[in-house]
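One-letter residues, chain by chain:
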Amino acid sequence: MVRRGVPTLLNCVILPTLLLSAVMLRRGLLAWLSRVGVLLVVVCCCLSLLYVITCSPHADEPMAGQPLPRAGGMAMPGGPSRPGGVGGAPIGPAGREGFQALLQEREEQHRQHIASLKKQIAQLKEALQERSEQLKGMQDSVEKTAGKGTVGDMADEHSHSDLQEFLRSQLSRAEVHSGVRLPSEYTVVPFESFTLQRVYQLEMGLTRHPEEKPVRKDRRDELGEVVESALHALNAPNQGGDKAKASKVYTPSDFIEGIARTEKDKGTLYELTFRGEQKQEFRRLLLFRPFGPLMKVKSELVETANMPINIVLPLSQRADKFKQFMHNFREVCVKQDGRVHLTVVYFGKDQMNEVKGTLENTSRELNFRNFTLIQLNEEFSRGRGLDVGARAWKGGNVLLFFCDVDIFFTADFLNTCRLNAQPGKKVFYPVLFSQYNPAVIYGSRDHIPPVEQQLIIKKDTGFWRDFGFGMTCQYRSDFINIGGFDVDIKGWGGEDVHLYRKYLHSNLLVVRAPSRGLFHLWHEKHCADELRPDQYKMCMQSKAMNEASHGQLGMLLFRHEIEAHLRKQKQRSGAKKA
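Source: prediction; values computed, not measured. (Residues numbered from 1 in each chain as written. Predicted model: local features only at pLDDT ≥ 70, side-chain atom pairs only at ≥ 80, totals over all residues. Heavy atoms only, no water.)

Asker: Just checking my understanding: could you explain helix α13 (residues 533-547) for this structure?
Answerer: Three or four residues apart is the spacing at which side chains of an α-helix point the same way, because the helix has 3.6 residues per turn. Helix length check: α13 (15 residues) gives 22 Å between terminal C-alpha atoms against 21 Å at 1.5 Å per residue, within 8%. On its buried face, α13 is in contact with β16 (426-435), β17 (462-464) and β19 (509-520). (Helix = DSSP H or I, 4+ residues; strand = E, 2+ residues; numbered from the N terminus. Expected span 1.5 Å × (residues − 1). Contact = heavy atoms within 4.5 Å.)

Asker: Help me understand the side chain of E263, please; the structure alone is not making it clear to me.
Answerer: As for its placement among the helices and strands, E263 is situated in strand β8 (residues 255-263). With residues up to four places along the chain from it excluded, the contact list for E263 reads A174, E175 and F291.

Asker: Teacher, can you tell me more about the state of the cysteines here?
Answerer: Note: disulfide means a covalent bond formed between the sulfur atoms of two cysteine side chains. Here the structure, examined in full by the defined rule, presents two disulfides. The disulfide bridge from C417 ends at C473, spanning 2.1 Å between sulfur atoms. Looking along the S-S bond of the C417-C473 disulfide, the torsion reads about -130°, which is the left-handed sense. Of this pair, C417 sits in helix α8 (residues 411-420) while C473 sits in strand β18 (residues 472-475); the two residues are 56 residues apart in sequence, bridging distant segments of the chain. By relative accessible area, which is 0% here, C417 ends up buried. Each disulfide pairs two cysteine sulfurs, and for C527 the partner residue is C539, the sulfurs being separated by 2.1 Å. The sign of the S-S torsion, about -90°, decides the handedness of the disulfide formed by C527 and C539: left-handed. With C527 in the loop between β19 and α13 and C539 in helix α13, this residue pair connects regions lying twelve residues apart in the sequence. (Disulfide = S-S within 2.5 Å. Buried < 20%, exposed > 50% of the residue type's maximum accessible area, 1.4 Å probe, protein only.)

Asker: Got a minute to help me understand the packing of aromatic side chains in this structure?
Answerer: Two descriptors summarise a pair of aromatic rings, namely the distance from one centre to the other and the angle between the planes of the rings. Summed over the entire model, instances satisfying the criterion amount to 21 aromatic pairs. Here F433 and F519 contribute two aromatic rings whose centre-to-centre distance is 6.3 Å and whose plane-to-plane angle is 80°, an arrangement assigned as edge-to-face. Of this pair, F433 sits in strand β16 while F519 sits in strand β19, and the two are 86 residues apart along the sequence. On the accessibility criterion, F433 (4% relative accessible area) is buried. Its relative accessible area of 6% is what places F519 among the buried residues. Taken together through their ring pairs, the aromatic side chains of F322, F325, F329, F368, F371, F401, F409 and F413 make up a single cluster. Lying over the aromatic face of Y250, K248 brings its terminal NZ or CZ to 5.3 Å of the ring centre. It is R512 that lies over the ring of Y500; its NZ or CZ is 5.9 Å from the centre. (Phe/Tyr/Trp six-rings, centres within 6.5 Å; stacked < 30°, edge-to-face > 60°. Lys NZ or Arg CZ within 6 Å of the ring centre and 35° of its normal.)

Asker: In this structure, what is going on with the packing of helix α5 (residues 319-337) against helix α6 (residues 352-366)? I would like to understand it.
Answerer: Helix-helix packing is described using two parameters, namely the angle between the two axes and the distance between the axes. The contact between α5 and α6 brings their axes to 10 Å, and the two run at 20°. By the angle between their axes, α5 is roughly parallel relative to α6. In this structure, α5 crosses over α6, and the sense of that crossing is right-handed. Mapping the contact onto sequence places A319, F322, K323, M326, R330, V334 and K335 in α5 and E354, V355, T358, L359, N361, T362, E365 and L366 in α6. Of the residues belonging to the contact of α5 with α6, the class tally is seven nonpolar, three polar and five charged. (Axes fitted to C-alpha atoms, helices over the stretch in contact; angles between N-to-C directions. Parallel < 35°, antiparallel > 145°, perpendicular 65-115°, else oblique. Left-handed = near helix turned anticlockwise from the far one by under 90°. Nonpolar A, V, L, I, M, F, W, Y, C, P; charged D, E, K, R; others polar.)

Structure follows, in structure tokens:
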């Protein structure tokens, strides 16, 4: 009886237990997957519920318009600042029409808020989908059996060979071994020549020289690496069966000259020349640095609906130019963009009433209240005015655009300003297009078209003002943390370079790029005798650059010879007819 009981116990208890454990182990993975799916469904439901609760109207919300945060309205000496008006007179809607306007404004804010929530929900759904795909990939990798780890090594080798093949194709596509047929002389990519100490370049702009030392460290390192690689290749033994190469040890003093050319989609070609053993012998090496394939670094959605810009404008007199500035401001900032605040810092009392009247007319005609007028009874200083205007803002961390009264900008530039500045990370220093004297461009003052028709980016109409750093977009927090302007600088020039160098010495990224929507309108420049010698020199250089192109200045210089030539041609034609 005892011997029969042992198999019975094994069959009735132990074997079912083992089978049940195997079934539970197999079901465990399925239960884990189902829990993850249920969790994703619950998250989506919570997001939908949050969307419904947020977008539903509330009865206790005040129906009042919420204008942009203000810096305190108009600040006048001898009296407190009053928001939304000039000289203490409030400007705003009244009665039924005013209430309807406020209601429409509130509804527009709700629409913008709903649109923002929809975009956030779409981003969260996209993130959930990516997480789900990653989870699925991890599950697939877990289910693979052991011994397949060599597949990853094979994939790495395959990707490495693909990269090598791509780099070789870049070499074959570039103009290294043979030329490429070009449609015209303007499509040629020129070389730069260089020595151990100097670089000789064609593309100079207005700040670089035809011959100069490499200023940037990465440029110096690049050329040093090229020369070092060439010396290493020349001194390497038994390369290509050239035994004569080993009889001379090449040093940097043997380097004579090199030329380099970069094709933006292929790579950089270097040709280096060294002295040989004999007087008439030279060694020449061709090196090529291929560009790799494009890599996706970052993809993000930038929402600019809630990014107001505070334009800070220092001003002294020049009321007529301010009217022209406000005409552009009305069309671009008020009618098109609608997310701009204007801060005018005025120095002195002369022409103050004209400036004040221009602001009042704009406010009354367009119901525009997002402006501040600050008056300073002191000597004009651009850095002082910008510093006061930036610090006067009390509505949180706002994007600042430091501007001048001679600047014309488009609505596209305002968005470029928003996209290229980021608090704590980067500031934007656009290179504006400076207009030449319209009287020289169009022949006489009688043929000058309206300002909007003069904004043409061509060689004979203006130039990229790459030596100017006065127009900049930066957040107020970055401006305060960097220390602001040097307010001790008086008059014209110097303060912008000082601030620019502060950012260059910081960890913030400085975005420097030409902007097709930012123009400097020509105006006759006067350089005061009170300026310091360095300031006066900068002012005169700017004055010379602003007048006309090289070709136009040459025509003005030789106009007497040209007129004499035309008279002679006319006399000859008259003699032939006689």
